[in-house]
Amino acid sequence: MPKVGIIVGSTRPGRNGEAVARWVHELATKRGDAEYRLLDLRDFDLRHLDEQTPAAAGVYQHEHTKRWSAAIAPLDAYVFVTPEYNHSIPGALKDAIDFLYNEWADKAAGFVSYGVDGGVRSVGHLRDILSTVQVATVQAYVALSVATDFENFTDFRPAPQHEERLNLMLDQLLAWGSALQSLRG
Ligand SMILES: Cc1cc2nc3c(=O)[nH]c(=O)nc-3n(C[C@H](O)[C@H](O)[C@H](O)COP(=O)(O)O)c2cc1C
(Lines give C-alpha, C1' and ligand atoms only; values in the text may rest on other atoms or scores of the structure.)
Protein backbone atom coordinates (compact mmCIF):
# COMPACT_ATOMS: atom_id res chain seq x y z
CA MET A 1 0.00 0.00 0.00
CA PRO A 2 1.34 3.44 -0.82
CA LYS A 3 1.82 5.76 2.15
CA VAL A 4 0.29 9.23 1.88
CA GLY A 5 0.96 11.98 4.43
CA ILE A 6 -1.82 14.49 5.04
CA ILE A 7 0.09 17.49 6.35
CA VAL A 8 -1.79 20.00 8.51
CA GLY A 9 -0.19 23.31 7.49
CA SER A 10 -1.57 25.66 10.15
CA THR A 11 -0.59 25.60 13.81
CA ARG A 12 -2.39 28.55 15.41
CA PRO A 13 -4.81 28.05 18.35
CA GLY A 14 -8.39 27.80 17.06
CA ARG A 15 -7.26 26.89 13.56
CA ASN A 16 -9.73 25.59 10.98
CA GLY A 17 -7.04 23.41 9.46
CA GLU A 18 -7.48 20.51 11.84
CA ALA A 19 -11.15 19.95 10.91
CA VAL A 20 -10.29 20.17 7.21
CA ALA A 21 -7.44 17.68 7.57
CA ARG A 22 -9.64 15.25 9.52
CA TRP A 23 -12.26 15.45 6.76
CA VAL A 24 -9.57 14.68 4.16
CA HIS A 25 -8.23 11.83 6.26
CA GLU A 26 -11.66 10.28 6.81
CA LEU A 27 -12.71 10.37 3.14
CA ALA A 28 -9.30 9.25 1.91
CA THR A 29 -9.15 6.32 4.34
CA LYS A 30 -12.56 5.10 3.13
CA ARG A 31 -11.05 4.58 -0.35
CA GLY A 32 -8.92 1.72 0.99
CA ASP A 33 -6.24 2.32 -1.65
CA ALA A 34 -3.40 3.70 0.50
CA GLU A 35 -2.27 4.18 4.06
CA TYR A 36 -3.20 7.78 4.83
CA ARG A 37 -1.30 9.31 7.74
CA LEU A 38 -2.31 12.56 9.42
CA LEU A 39 0.81 14.62 10.13
CA ASP A 40 0.15 17.64 12.31
CA LEU A 41 2.99 20.19 12.35
CA ARG A 42 2.04 20.99 15.94
CA ASP A 43 3.16 17.51 17.01
CA PHE A 44 6.69 18.09 15.71
CA ASP A 45 7.54 21.29 17.59
CA LEU A 46 9.64 22.48 14.66
CA ARG A 47 9.89 26.27 15.33
CA HIS A 48 12.02 28.32 12.87
CA LEU A 49 14.73 26.55 10.95
CA ASP A 50 17.50 26.01 13.50
CA GLU A 51 19.78 23.53 11.78
CA GLN A 52 23.31 24.69 10.99
CA THR A 53 24.01 22.33 8.09
CA PRO A 54 22.00 22.76 4.87
CA ALA A 55 19.15 20.24 4.68
CA ALA A 56 20.46 18.70 1.45
CA ALA A 57 23.31 17.15 3.46
CA GLY A 58 20.82 15.27 5.64
CA VAL A 59 22.93 15.85 8.76
CA TYR A 60 20.54 16.86 11.50
CA GLN A 61 21.53 18.15 14.90
CA HIS A 62 18.13 18.42 16.57
CA GLU A 63 15.73 15.76 17.72
CA HIS A 64 12.72 17.60 16.23
CA THR A 65 14.35 17.56 12.78
CA LYS A 66 15.16 13.86 13.05
CA ARG A 67 11.55 13.08 14.00
CA TRP A 68 10.22 15.18 11.12
CA SER A 69 12.63 13.52 8.71
CA ALA A 70 11.56 10.06 9.91
CA ALA A 71 7.90 10.98 9.33
CA ILE A 72 8.38 12.33 5.80
CA ALA A 73 11.03 9.95 4.39
CA PRO A 74 8.87 6.77 4.14
CA LEU A 75 5.95 8.52 2.39
CA ASP A 76 5.12 8.06 -1.28
CA ALA A 77 2.96 11.16 -1.64
CA TYR A 78 1.63 14.17 0.26
CA VAL A 79 -1.62 16.06 0.67
CA PHE A 80 -0.92 19.57 1.93
CA VAL A 81 -3.83 21.09 3.83
CA THR A 82 -3.07 24.79 3.82
CA PRO A 83 -4.82 28.05 4.58
CA GLU A 84 -3.95 31.29 2.84
CA TYR A 85 -2.14 33.79 5.08
CA ASN A 86 -1.49 37.14 3.43
CA HIS A 87 -1.68 35.58 -0.03
CA SER A 88 0.74 32.77 0.79
CA ILE A 89 1.25 29.72 3.02
CA PRO A 90 1.73 29.88 6.81
CA GLY A 91 5.31 30.51 7.90
CA ALA A 92 5.20 27.30 9.97
CA LEU A 93 4.58 25.27 6.82
CA LYS A 94 7.37 27.01 4.92
CA ASP A 95 9.77 26.26 7.78
CA ALA A 96 8.63 22.62 7.87
CA ILE A 97 9.50 22.28 4.19
CA ASP A 98 12.86 24.04 4.61
CA PHE A 99 13.95 21.67 7.39
CA LEU A 100 14.29 18.76 4.93
CA TYR A 101 15.43 18.20 1.37
CA ASN A 102 16.02 14.67 0.06
CA GLU A 103 13.09 13.33 2.09
CA TRP A 104 10.67 15.36 -0.08
CA ALA A 105 12.11 14.49 -3.46
CA ASP A 106 10.69 12.39 -6.31
CA LYS A 107 7.22 12.16 -4.80
CA ALA A 108 3.83 13.62 -5.69
CA ALA A 109 1.77 16.25 -3.85
CA GLY A 110 -1.83 17.40 -3.96
CA PHE A 111 -3.54 20.28 -2.18
CA VAL A 112 -6.56 21.13 -0.10
CA SER A 113 -6.63 24.87 0.51
CA TYR A 114 -9.02 27.20 2.27
CA GLY A 115 -9.44 30.91 2.73
CA VAL A 116 -11.68 33.81 1.79
CA ASP A 117 -11.07 33.03 -1.90
CA GLY A 118 -10.43 29.31 -1.48
CA GLY A 119 -6.78 29.78 -0.58
CA VAL A 120 -5.73 29.38 -4.20
CA ARG A 121 -2.85 31.86 -3.96
CA SER A 122 -1.28 29.71 -1.24
CA VAL A 123 -1.48 26.70 -3.56
CA GLY A 124 0.31 28.66 -6.30
CA HIS A 125 3.14 29.50 -3.92
CA LEU A 126 3.28 25.97 -2.56
CA ARG A 127 3.59 24.48 -6.05
CA ASP A 128 6.54 26.77 -6.70
CA ILE A 129 8.25 25.95 -3.39
CA LEU A 130 7.75 22.19 -3.80
CA SER A 131 9.19 22.20 -7.32
CA THR A 132 12.47 23.33 -5.72
CA VAL A 133 12.60 20.18 -3.62
CA GLN A 134 11.74 18.02 -6.64
CA VAL A 135 8.10 17.30 -5.80
CA ALA A 136 5.61 16.79 -8.64
CA THR A 137 2.30 18.53 -7.97
CA VAL A 138 -0.95 17.20 -9.43
CA GLN A 139 -3.43 19.41 -11.24
CA ALA A 140 -6.66 18.74 -9.32
CA TYR A 141 -7.05 20.39 -5.92
CA VAL A 142 -9.77 21.23 -3.44
CA ALA A 143 -10.40 24.91 -2.69
CA LEU A 144 -12.65 25.58 0.30
CA SER A 145 -14.20 28.91 1.19
CA VAL A 146 -14.22 30.06 4.80
CA ALA A 147 -17.42 31.96 3.93
CA THR A 148 -19.46 29.13 2.38
CA ASP A 149 -17.82 25.89 3.58
CA PHE A 150 -17.75 26.97 7.22
CA GLU A 151 -20.57 28.21 9.43
CA ASN A 152 -19.64 31.45 11.19
CA PHE A 153 -16.21 31.07 9.54
CA THR A 154 -15.32 28.35 12.07
CA ASP A 155 -17.59 25.27 11.88
CA PHE A 156 -16.57 23.17 8.91
CA ARG A 157 -19.54 22.20 6.72
CA PRO A 158 -18.07 21.42 3.30
CA ALA A 159 -20.33 21.62 0.25
CA PRO A 160 -20.97 18.10 -1.14
CA GLN A 161 -19.20 18.70 -4.47
CA HIS A 162 -15.81 18.95 -2.76
CA GLU A 163 -15.82 15.20 -2.10
CA GLU A 164 -15.72 14.43 -5.83
CA ARG A 165 -12.88 16.90 -6.34
CA LEU A 166 -10.96 15.41 -3.43
CA ASN A 167 -11.25 11.94 -4.95
CA LEU A 168 -10.04 13.22 -8.33
CA MET A 169 -7.03 14.82 -6.67
CA LEU A 170 -6.28 11.57 -4.77
CA ASP A 171 -6.60 9.55 -7.99
CA GLN A 172 -4.00 11.77 -9.66
CA LEU A 173 -1.83 11.74 -6.54
CA LEU A 174 -1.67 7.95 -6.27
CA ALA A 175 -1.01 7.59 -10.01
CA TRP A 176 1.92 9.99 -9.91
CA GLY A 177 3.14 8.79 -6.52
CA SER A 178 3.47 5.24 -7.80
CA ALA A 179 4.91 6.32 -11.18
CA LEU A 180 7.71 8.14 -9.37
CA GLN A 181 8.53 5.09 -7.29
CA SER A 182 11.10 3.92 -9.86
CA LEU A 183 13.07 7.16 -9.33
CA ARG A 184 13.10 6.62 -5.58
CA GLY A 185 14.58 3.18 -5.96
C1 LIG B 1 -2.44 35.90 9.41
C2 LIG B 1 -3.63 35.64 8.53
C3 LIG B 1 -3.64 36.12 7.26
C4 LIG B 1 -4.72 35.82 6.41
N5 LIG B 1 -4.67 36.23 5.10
C6 LIG B 1 -5.60 35.78 4.25
C7 LIG B 1 -5.46 36.03 2.85
O8 LIG B 1 -4.53 36.65 2.40
N9 LIG B 1 -6.40 35.54 2.02
C10 LIG B 1 -7.46 34.80 2.48
O11 LIG B 1 -8.27 34.35 1.67
N12 LIG B 1 -7.63 34.56 3.80
C13 LIG B 1 -6.72 35.03 4.68
N14 LIG B 1 -6.85 34.77 6.03
C15 LIG B 1 -8.04 34.04 6.48
C16 LIG B 1 -7.69 32.57 6.62
O17 LIG B 1 -7.60 31.94 5.37
C18 LIG B 1 -8.72 31.87 7.49
O19 LIG B 1 -8.81 32.56 8.72
C20 LIG B 1 -8.34 30.43 7.76
O21 LIG B 1 -9.30 29.81 8.59
C22 LIG B 1 -6.97 30.36 8.44
O23 LIG B 1 -6.57 29.04 8.62
P24 LIG B 1 -6.43 28.36 10.07
O25 LIG B 1 -7.75 28.65 10.75
O26 LIG B 1 -6.23 26.92 9.83
O27 LIG B 1 -5.29 29.06 10.74
C28 LIG B 1 -5.82 35.08 6.89
C29 LIG B 1 -5.80 34.62 8.22
C30 LIG B 1 -4.72 34.88 9.02
C31 LIG B 1 -4.70 34.32 10.43
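If you're wondering where the values come from, they're calculated on a predicted model, not measured in any experiment.

## A short note on the nonpolar core
Then, in step 1: Membership of the largest hydrophobic core comes to 30 residues, with the highest contact counts inside it found for Val79, Val81, Val112 and Leu166.
Then, in step 2: Going through the elements one at a time, β1 (3–8), α1 (17–31), β3 (77–83), β4 (107–115), β5 (135–145) and α5 (161–179) are the ones with two or more residues in this core.
Then, in step 3: Sort the elements by how many residues they give to this core and α1 lands first, with six residues.
Then, in step 4: Beyond its immediate chain neighbours, meaning those up to four positions away, Val112 contacts Val20, Val24, Val79, Phe80, Val81, Thr82, Val142, Leu144, Leu166 and Met169.
Then, in step 5: Grouped together as the second largest cluster of nonpolar side chains are 27 residues, Leu41, Phe44, Ala109 and Val133 included.

## Points about the packing of α1 against α5
Then, in step 1: In the contact formed by α1 and α5, the axes pass within 11 Å of each other and the chain directions differ by 65 degrees. Of the two possible hands of crossing, α1 and α5 adopt the one that is right-handed. Listed contacts from α5 to Trp23, Val24, Leu27, Ala28 and Arg31 of α1 are His162, Glu163, Leu166, Asn167, Leu170, Asp171 and Leu174.
Then, in step 2: The class makeup of the residues in the contact of α1 with α5 is seven nonpolar, two polar and three charged.

## Notes on the pattern of salt bridges
Then, in step 1: The full count for this structure, using the stated rule, is 12 salt bridges.
Then, in step 2: Between Asp40 and Arg15 there is a salt bridge, with its nearest N and O atoms 2.7 Å apart. Taken together, the positions of Asp40 in strand β2 (residues 35–40) and Arg15 in the loop between β1 and α1 put the pair 25 residues apart, joining distant regions of the chain. In terms of burial, Asp40 and Arg15 fall into one category: buried.
Then, in step 3: For the salt bridge of Asp98 with Lys94, the shortest nitrogen-to-oxygen distance reads 3.0 Å. Here the residue Asp98 and the residue Lys94 both occupy positions in helix α3 (residues 91–98), the gap between them amounting to four residues, near one helical turn.
Then, in step 4: The class for Asp98 is partly exposed, based on a relative accessible area of 29%.
Then, in step 5: A single network of salt bridges, built from pairs that share partners, joins Arg15, Glu18, Arg22 and Asp40.

What counts and how
- Residues numbered from 1 in each chain as written.
- Predicted model: local features only at pLDDT ≥ 70, side-chain atom pairs only at ≥ 80, totals over all residues.
- Heavy atoms only, no water.
- Core = buried A, V, L, I, M, F, W, Y, C linked by side-chain atoms within 4.5 Å.
- Buried < 20%, exposed > 50% of the residue type's maximum accessible area, 1.4 Å probe, protein only.
- Helix = DSSP H or I, 4+ residues; strand = E, 2+ residues; numbered from the N terminus.
- Contact = heavy atoms within 4.5 Å.
- Axes fitted to C-alpha atoms, helices over the stretch in contact; angles between N-to-C directions.
- Left-handed = near helix turned anticlockwise from the far one by under 90°.
- Nonpolar A, V, L, I, M, F, W, Y, C, P; charged D, E, K, R; others polar.
- Salt bridge = Lys/Arg side-chain N within 4 Å of Asp/Glu carboxyl O.

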